[in-house]
Amino acid sequence: MSVDQIEYYKEAYNLFDADHNGSIDVYELDPTDEEVRNMIASVDVDNTGTIDFDEFMIMMEDFRGETRLHYTPEKLEEAFKAMDFDGNGFISAADLIAVVKGHGDELSEKEALEMIREGDVDGDGQINFDDFCKLVNDWDQ
């Protein structure tokens, strides 16, 4: 697992760990108690009844393994179109900013341009569908 993936998981983990005590317990999640207990039990290696960060990473890797199977060409195209905000067949920095803003968050132009640079295989300053598919496939490796 890359450093970037670990950092991504750490941020996700911190969102669930509402009381910031280093563990996620039943009361910090929204599903039914039975669903939560089953989820925790599936990764609770030390049998504490909680999930620490290492156990959370196991759960996320398991989740990624399950979702990886669902990347059909249709799903990839649907995800690409959702990010191609202006519908021109490319994801630009402006598209990323609009998508993020539509989800109630902020993304600076500098951040958006950096994201585009990281995924822009052909160097044209935007992400086409092939670039997008490569990004998704690289994330799953």
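Provided above is the structure to which this section pertains.
Residues numbered from 1 in each chain as written. Predicted model: local features only at pLDDT ≥ 70, side-chain atom pairs only at ≥ 80, totals over all residues. Heavy atoms only, no water.

**Student:** Describe the pattern of salt bridges, naming the residues involved and giving the relevant values.
**Tutor:** Two side chains bearing opposite charge may form a pair once their charged atoms approach each other closely. According to the stated counting rule, one finds two salt bridges in the structure shown. Here Lys-81 makes a salt bridge to Glu-77, at a shortest N to O gap of 3.2 Å. Of the two residues, Lys-81 and Glu-77 both sit in helix 4 (residues 73-83), four residues apart, roughly one turn of that helix. A relative accessible area of 54% places Lys-81 in the exposed class. Judged by its relative accessible area of 37%, Glu-77 falls in the partly exposed class. Close ionic contact of Glu-114 with Arg-117 constitutes a salt bridge, the shortest N to O distance being 3.3 Å. Highlighted residues: Glu-114 and Arg-117, both in helix 6 (residues 109-119), separated by three residues, approximately one helical turn. (Salt bridge = Lys/Arg side-chain N within 4 Å of Asp/Glu carboxyl O. Helix = DSSP H or I, 4+ residues; strand = E, 2+ residues; numbered from the N terminus. Buried < 20%, exposed > 50% of the residue type's maximum accessible area, 1.4 Å probe, protein only.)

**Student:** Describe the packing of aromatic side chains, with residues and values.
**Tutor:** Inspection of every chain in the model, using the stated rule, returns two aromatic pairs. Where Phe-80 meets Phe-129, the ring centres are 5.5 Å apart and the plane angle is 85 degrees; that geometry is what we call edge-to-face. Taken together, the residues span a long stretch of sequence, with Phe-80 in helix 4 and Phe-129 in helix 7 (residues 129-139) at a distance of 49 residues. When its relative accessible area of 29% is taken as the criterion, Phe-129 is described as partly exposed. With a centroid separation of 5.6 Å and 65 degrees between ring planes, the pair formed by Phe-80 and Phe-132 is classed as edge-to-face. A residue pair is termed long-range when its members are at least 10 positions apart, and Phe-80 in helix 4 and Phe-132 in helix 7 qualify at 52 residues. Comparing Phe-80 with Phe-132, the two get one shared label, buried. Here the aromatic residues Phe-80, Phe-129 and Phe-132 are joined through ring pairs into a cluster of three or more. (Phe/Tyr/Trp six-rings, centres within 6.5 Å; stacked < 30°, edge-to-face > 60°.)

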